[in-house]
Amino acid sequence: MATIVLSAVGAAIGGAAGTGTFLGLTGAVVGRAVGVTLGRVIDQRLLGSGSDPVEVGRVERFRLTGANEGSPIAQLFGRMRLGGQVIWSTQFLETMAPGVSGSFAVAYRQETVVFSGQVRFPDTAVEATLWEAGAAGFGAWMGVRDAGATFRLRAGDGSSAKTASDTGTVVLDLSTDLLPFDGQIHELVWELRPVAPGHVKLWIDGRLVGMSSISDGSGMLGGYWAGAADTRWTGPIDPANVTKGEPVAPWPETDAGELSIYEAVSDGLTNAPWVYRYKAIREWWASPHADRRGGYQLATPSPWVPKSKPIWFTEFGCGAVDKGSNQPNKFLDPKSSETALPYFSDGRRDDLIQAQYLRATIAYWSDPSNNPLSPIYGAPMVDLSKAHVWAWDARPWPAFPNKRDIWSDGENYGRGHWITGRVSGQPLAMVVAEICEKAGVTDYDVSGLFGFVRGHVSSDIETARARLQPLMLAYGFGAVERDGKLVFLHLPLLPDGGILAETTAVDEDGAAGLRLTRAPEAETVGRVRLGYTEADGAFETRVAEAIFPDDDDIGVSQSELPLALTLAEGRGIAERWLAEARVARDTVSFDLPPSRRDLGAGAMIALEDGSTWRIDRVEDIGARRIEAVRVERSLAEPSDATDEAVPQQAFVPPLPVSPVFMDLPLLSGEEVEHAPHLAVAAKPWPGSVALYSSSSANGYALNRLIEAGAIIGTLETPLFAASAGLWDRGAPFRVRIASGGGLSSADREAVLNGANVAAIGAGDEGPWEVVQFADAELVGAGLWEISMRLRGQAGSDGVMPDVWPPGSLFVLLDGRPQQIDLAISARGLARYYRVGPARRALDDASYQERVLAFDGVGLRPYAPAHVRARAGTGGLEVTWIRRTRIDGDTWQGTEVPLGEDAETYLVQVRDSGGLKREVTVSQPGWIYDDSARGSDGTVAPYSIDVAQISGRFGPGPFTRIMIDD
């Protein structure tokens, strides 16, 4: 059970990152254990009596990148998937220095200046200026000085930043030995607060590496390295135990059996008992060696020179299994004859023991008192730079261990030696300690905490209590103030004391004894649902549920924890909560005499019947008034649930996509008139597709991101020409859709209002006919029959061929094809385009390159309608009706808009001999007089073609009339 017992330190825990005090405790309350629940969902008695729980963050389901000023920054322990925040910059500064290059973004927010950018550090630290800004009050300098020994970040008055006196400035000096001078690019972020007191912080590659400040105008000539003095090691394994736990008798007469701490081992035959001790590394390294005959040591030693060579740990590690450190070399594999559990292990998965074993081993051999220097080669006995942990698997996590159809040994991962997928986890004690430190609580004790935090995320504006609450719920620990120290602890194995009814004190009513209470059955929680984030997969949201099967009408409690858990851990927590909710229905209160101060809030007591109770509240009213809730220590034991493989999404390789460029007429009138459309299909869809463009084969820039795949297909049967403006009731044509989805039918009215629009064309070069359809019928896998059509829409009847052959492209214009960016000046000019998966680099093989020029069909005039010719006096009178590409569907005006700067038409006369006459007219009519025909030598039959002219596009499609006489 999880409880908080606080008084004075509660103010820091509750108000460190917010406002107000922790629990609002009065002076009369000496100790009070406060049950904490998540989101007010689990019943209060589940985790103890006391004040109300606090609200905490829920599981993040939509991890979207935002760009919101003032948004809280997530605090993360372990590993979780997060949605980031983009910090927009108000201006940019760029500088070049020898061996260093980078562009830095600067964001001014109130009285803080935040700089960020990427810098290529030189291979060696040489004296140089990396960045400098000299404005008064905001002056700053960053670079290497002191002949390459010191890295300095300085905020001051901006004058002679490198060499002048640092009085009145803020300076961060770091040894260049601690910085990544490796010839690689690193991300730098630093924050300046140029107000009193001044303050400067520096992050490199997301890690806070240093900070410093100045107050009251006094100079500070150096900063400090973040964490350099923090030598605290927290964990259940003492590094001193690394050399303990060996057999008490000579090998091979005994195999150690039970683990005993040795004092000395003698083989009884020689003066080198360490030869039988497999942990006697120092003795073996520092002593002469001699061969043995019949168990006796020979007088002449071997050529080995003591302390002459360093020792390498070519393999060390520990299985992630209960008590794995008892026998780190043991492993579980049903297919192996050597499979075995460590001594006294119950076989449960335990990632914490593996992590603590590694910490203890490395900490022990990092201590010079345990790892002496060799007088021969001048280095430590154990070369930790050559120590290799078993095992980091080259197979990618989390595909291994979850893809068990590929790797059959994946089932051994949970309790195996693999550190892949686990090294980012943190011991619970360290997480709680850091939360306390950030809240300003320095007098605390986390030595009694055991747990492995795979991932825990919270907002930086949450109080420390809100951050602790989900951890206490999940890992079942409490907090109590003892002698001014905040102590975190789990329920003890044994009660802290026993209570007999006859030893209780008399209350104000003159009564003594135990006052037992049980909550009504109606308040019983019978079903618990727990939301969490899966830890061993793609960090999806999961729900674990625990139910009492014998209850028909039960209360349901639903909670969420901002934690990454395995499937077994999630199920185990839900089961524990459900059981604790039943047990915690019982509460007891009684009074104790003042002499019983050994029992305080947080203590576990036992009653005469053997039941155990946790003290939640103690009040001094002369006697000590106690309130306690029933607990069962066995419920804190880990669940026996086993982990299952987490389903993995199939890997999507960076396959090429299928782009289709379309120079289309205006459809809605809201488009950019001259810009073409881009439709992209892919199977599978890569998430998003990037279009890059350039005026040459180099210098590409991002043009457009396509977020949704288009429905693109190919004609499998021919589509013959038909009249525009009428329903085409001809035979259906077939189109095969390869990806992007399917088609659907629409009623006639919906089609007339703009539904089911598609483009049919030959490819990127065009032309494209815009069609609409009412009926779409699926006749096979991906095969559709399209009937009841409207042809030549949006003026595309002027480019409709006699037949669209099989293989012609079909693109549904449902909003997924997007216009690309194209300057009006680039219309008609060939440009370079590269299209591919956005998550791949521009030069990736999955990108396709096209060189295309677009006329800007949105500017193209429609072909004239109703061209007529009749014989008149002296010649042939030709007339036609003007059409418009802009707002031509409205019936409210007396005439459709012109849509062009001026009304002009191009008229051409052709016979079998070719072009005979070409004229430009400014009205919708023209007379081909007999004298002109005679001079042209035009012979019937001949054609008259009419096109409207645009001052920006030129002539549009022609409409033809044949003249037979």
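For every chain, the first residue of the written sequence is number 1, and numbering continues from 1 onward in sequence order. At least 70 in pLDDT is required for a residue's local features to be given in this predicted model, at least 80 for side-chain atom pairs to be given and counted, and no such filter applies to totals for whole chains, interfaces and linings, which use all residues. Hydrogens and waters are ignored; side-chain quantities use all the structure's heavy atoms.

Under an unreviewed UniProt entry, the name given to the protein chain is Host specificity protein, and the source organism is Rhodophyticola porphyridii.

J.: Could you clarify how one ought to interpret the pattern of salt bridges in this entry?
T.: Pairs can form between side chains of opposite charge once their charged atoms are near each other. By salt bridge we mean one thing: a side-chain nitrogen of Lys or Arg within 4 Å of a carboxyl oxygen of Asp or Glu. For the structure on display, the rule yields 51 salt bridges. Across the salt bridge formed by glutamate 545 and arginine 527, the nearest N and O atoms sit 3.4 Å from each other. Linking glutamate 545 in strand β26 (residues 541-547) with arginine 527 in strand β25 (residues 525-534), this pair joins segments that are 18 residues apart in sequence. Burial status follows relative accessibility: with a 1.4 Å probe on protein chains alone, a residue under 20% of its type maximum counts as buried, one over 50% as exposed, and anything between as partly exposed. Judged by its relative accessible area of 22%, arginine 527 is partly exposed. With its nearest N and O atoms 3.1 Å apart, the salt bridge here joins aspartate 598 to arginine 596. Labels follow the DSSP assignment, with helices taken as runs of H or I lasting at least four residues and strands as runs of E lasting at least two, numbered in each case from the N terminus.

J.: What exactly am I supposed to notice about the sheet that holds strand β33 (residues 677-681) here?
T.: Adjacent strands of a sheet pair through backbone hydrogen bonds, lying either parallel or antiparallel. Taken in spatial order, the three strands make up an open sheet running β32-β33-β45, and their pairing is antiparallel. Pairing within the sheet leaves two strands with one partner each, and these edge strands are β32 (658-662) and β45 (818-819). Between any two strands, at least two bridges found by DSSP are needed for them to pair. Relative to β45, β33 is paired through two bridges, and the arrangement is antiparallel. Bridge pairing links leucine 678 to glutamine 818 in β45.

J.: What should I look at first to understand unusual backbone geometry in this one?
T.: The omega torsion across tryptophan 390 and alanine 391 is 10 degrees, close enough to zero to call that bond cis. Here the residue pair lysine 683 and proline 684 is connected by a cis peptide bond, since its omega of 5 degrees sits within 30 degrees of zero. Of note in this structure, aspartate 483 is not a glycine but carries a positive phi near 55 degrees. Structurally, aspartate 483 can be placed in the loop between β21 (477-482) and β22 (485-490).

J.: Help me out: how do you make sense of the packing of aromatic side chains in this one?
T.: Working definition: rings of Phe, Tyr and Trp (its six-membered ring) pair if their centres are within 6.5 Å, and the pair is stacked with planes under 30 degrees apart, edge-to-face with planes over 60 apart, and tilted otherwise. As enumerated under the stated definition, the model contains 18 aromatic pairs in all. Ring geometry for tyrosine 364 against tryptophan 365: centres 4.8 Å apart, planes inclined by 90 degrees, an arrangement best described as edge-to-face. Among the residues examined, tryptophan 365 registers a relative accessible area of 5% and is labelled buried. Cluster of aromatic residues (ring-pair linked, three or more members): Phe313, Phe316, Tyr364 and Trp365. Against the face of tryptophan 397 rests arginine 79, its NZ or CZ located 4.1 Å from the ring centre. A ring is considered to have a charge above it if a Lys NZ or an Arg CZ atom is located within 6 Å of its centre and within 35 degrees of its normal. One cation-aromatic arrangement involves arginine 422 over tyrosine 413; the distance from NZ or CZ to the ring centre is 4.4 Å.

J.: Looking at this model, I keep getting lost on the confidence of the model for the protein chain. Mind explaining?
T.: You can read pLDDT as the predictor saying how much it trusts each residue, on a scale of 0 to 100. Chain-level pLDDT for the protein chain is 80 on average; 78% of the residues reach the 70-or-more range. Note on residues 89-111: pLDDT is under 50 here. Beyond four places in sequence and across chains, it has 64 contacts. Between residues 215-236, whose pLDDT stays under 50, and residues either more than four places distant or in other chains, the model counts 50 contacts. Residue contacts are defined here by distance: any two heavy atoms, one from each residue, within 4.5 Å place the two residues in contact.

J.: I tried to follow the sheet that holds strand β48 (residues 865-872) on my own but got confused; where do I start?
T.: If you walk across this open sheet you meet the three strands as β48-β49-β52, and the pairing is antiparallel. Here the strands that pair on one side only, and so sit at the sheet edges, are β48 and β52 (925-929). Here the average twist between neighbouring strands, direction ignored, is 20 degrees. Bridge count between strand β49 (residues 875-881) and β52: five bridges; the pairing is antiparallel. In the strand pairing of β52, threonine 879 is matched with glycine 925. Lines fitted to C-alpha atoms define the axes here, with helix axes fitted over just the stretch in contact, and angles between the N-to-C directions of these axes take values from 0 to 180 degrees.

J.: Quick question: what am I supposed to make of the environment of glycine 780 here?
T.: By the element assignment, glycine 780 lies in strand β41 (residues 768-780). According to the relative accessible area criterion, glycine 780 is partly exposed, its value standing at 26%. Along the chain, glycine 780 and arginine 736 lie 44 residues apart, while their C-alpha atoms are 9.0 Å from each other.

J.: Explain helix α6 (residues 464-475) to me, please; I cannot follow it from the model alone.
T.: Side chains that are three or four residues apart share a direction in an α-helix, a result of its 3.6 residues per turn. By this rule, a helix spans an expected 1.5 Å times one less than how many residues it contains. Taking 1.5 Å per residue, twelve residues should reach 16 Å; α6 reaches 17 Å between its end C-alpha atoms and fits that length. Burial runs high along α6: twelve of the twelve residues are buried. Inspection of α6 places Ala464, Arg465, Ala466, Arg467, Leu468, Gln469, Pro470, Leu471, Met472, Leu473, Ala474 and Tyr475 among the buried residues, and these make up the whole buried set. Glycine 476 occupies a position one or two residues after α6 and carries a positive phi of about 65 degrees.

J.: For this particular structure, what's the right way to read helix α7 (residues 567-583)?
T.: In this model, α7 (17 residues) spans 25 Å end to end at C-alpha, consistent with the 24 Å of a helix rising 1.5 Å per residue. Among the residues making up α7, those that are buried are Leu567, Ala568, Gly570, Gly572, Ile573, Ala574, Arg576, Trp577, Leu578, Glu580, Ala581 and Val583.

J.: What exactly am I supposed to notice about the packing of helix α5 (residues 428-438) against α6 here?
T.: In a pair of packed helices, the angle between the axes and the distance between the axes together describe the arrangement. The interhelical angle for the contact between α5 and α6, taken along N-to-C directions, is 160 degrees, at an axis separation of 10 Å. As summarised for this structure, α5 and α6 are arranged roughly antiparallel, according to the angle between their axes. α5 and α6 meet at a crossing whose hand is left-handed. Where α5 approaches α6, its residues Leu428, Val431, Val432 and Ile435 are matched on the opposing element by Ala464, Arg467, Leu468, Leu471 and Tyr475. Ten residues, namely Ala, Val, Leu, Ile, Met, Phe, Trp, Tyr, Cys and Pro, are considered nonpolar, four, namely Asp, Glu, Lys and Arg, are considered charged, and the remaining ones, Gly among them, are considered polar. Per-class residue counts for the contact of α5 with α6 are eight nonpolar, no polar and one charged. Oblique is the label for any angle not covered by the other classes, which are roughly parallel (under 35 degrees), roughly antiparallel (over 145) and roughly perpendicular (65 to 115). In this scheme the handedness of a crossing depends on how the near helix is turned from the far one: anticlockwise by less than a right angle means left-handed, clockwise means right-handed.

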